Amino acid sequence: MNDHMTVSDIEKELDFWYNYIQEKNNFKHKDFYQNFFNFADIGGRCLEIGCGGSPFTTYADSIVQKIELHLLDTLIDQISNVSRFEFLKNYTRYNSNLLNLNCNIFNDSIVCLNVLDHFENNHIEFIQKIHSLLNKEGTVFIYYDIRERYCDGHYSIPHHEIHNYISQIFNIMKESNEINPVHRGWSTVYSSYRAILKVK
């Protein structure tokens, strides 16, 4: 059981971050995220999964609470060694995939944006693991794309199965299937899923 990316997909992802130049506070998905997620609600201990070189704290305009942010990404050590991403070393980092994470600390919130479609299998186990890392009133901010087939290093994942499982273990506070306009017409994406979830 794993949520590993393939060697080829890892190479593509690293190439993206090595060549991606983000203007200050201008992450390309910023508007799509902020129009739905109220990042001002995040406080306390927060785990962000798969952030690469752009944790939400680098672009969110509405952060008002003190956040103890921890970063989980299989490539976080390699990305943080790039000079413009050295600021990542200021955070507690886990250079691991989620299913292999050995951590017993519960989080007030988990942010997982644009991650779930980066690997082919074990999506239910991935959601289950997220649930296990939350405190009893924990909140999840999640987004992933829904596409027709594997393309550009991203997978067609079973959204209906994932959504059904999510609804069993979380209260869905807010959700949307509006497509990410940045991804419209790209990589066979025909819908996107954003949701704010609360532990039942």
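Residues numbered from 1 in each chain as written. Predicted model: local features only at pLDDT ≥ 70, side-chain atom pairs only at ≥ 80, totals over all residues. Heavy atoms only, no water.

The next point concerns the sheet that holds strand E1 (residues 44-49). Taking strand neighbours across the sheet as the criterion, the seven strands line up as E3-E2-E1-E4-E5-E7-E6 in an open arrangement whose pairing is mixed. Every other strand in the sheet has two partners, leaving strand E3 (92-94) and strand E6 (170-176) as the edge strands with one partner each. For this sheet the average axis-to-axis angle between neighbouring strands, irrespective of direction, equals 20°. Where E1 lies against strand E2 (residues 67-72), six bridges are found, and the strand directions are parallel. Bridged to Ile49 within E2 is Leu72. Helix H4 (residues 123-132) contacts E1, strand E4 (107-113), strand E5 (134-147), E6 and strand E7 (189-199) of the sheet and is inclined by roughly 155° relative to E5. (Pairing = 2+ DSSP bridges. Helix = DSSP H or I, 4+ residues; strand = E, 2+ residues; numbered from the N terminus. Axes fitted to C-alpha atoms, helices over the stretch in contact; angles between N-to-C directions. Contact = heavy atoms within 4.5 Å.)

This paragraph deals with H4. Here H4 has its buried residues at His123, Ile124, Phe126, Ile127, Lys129 and Ile130. Tucked inside the fold, the buried residues of H4 contact E1, E4, E5, helix H5 (159-169) and E6. (Buried < 20%, exposed > 50% of the residue type's maximum accessible area, 1.4 Å probe, protein only.)

What follows is about the nonpolar core. Within the largest apolar cluster, 33 residues are counted, with the highest numbers of intra-cluster contacts made by Ile49, Phe126, Ile127, Ile130 and Phe170. It is E5 that contributes the most residues to this core, five residues altogether. Contact partners of Phe170, with chain neighbours within four places excluded, come to Ile127, His131, Leu134, Val140, Leu197, Lys198, Val199 and Lys200. Membership of the second largest hydrophobic core comes to 29 residues, among which are Ile42, Leu69, Ile76 and Leu88. (Core = buried A, V, L, I, M, F, W, Y, C linked by side-chain atoms within 4.5 Å.)

Attention shifts here to the packing of aromatic side chains. In the structure shown here, the tally under the stated rule is 15 aromatic pairs. Between Phe32 and Tyr33, the ring centres sit 6.4 Å apart and the planes meet at 45°, which makes this aromatic pair tilted. With relative accessibility at 7%, the residue Phe32 sits in the buried group. On the accessibility criterion, Tyr33 (1% relative accessible area) is buried. For the ring pair Tyr33 and Phe37, a centre distance of 6.5 Å and an interplane angle of 65° mean the geometry is edge-to-face. A relative accessible area of 2% means that Phe37 is categorised as buried. Three or more aromatic residues joined by ring pairs make a cluster, and in this case those are Phe32, Tyr33, Phe36, Phe37, Phe39, Phe56, Tyr59, Phe141 and Tyr143. Above the plane of the ring of Phe36 lies Lys174, whose end atom (NZ or CZ) is 4.4 Å from the centre. The ring of Phe32 has Arg194 sitting right over it, with the charged end atom 3.8 Å from the ring centre. (Phe/Tyr/Trp six-rings, centres within 6.5 Å; stacked < 30°, edge-to-face > 60°. Lys NZ or Arg CZ within 6 Å of the ring centre and 35° of its normal.)

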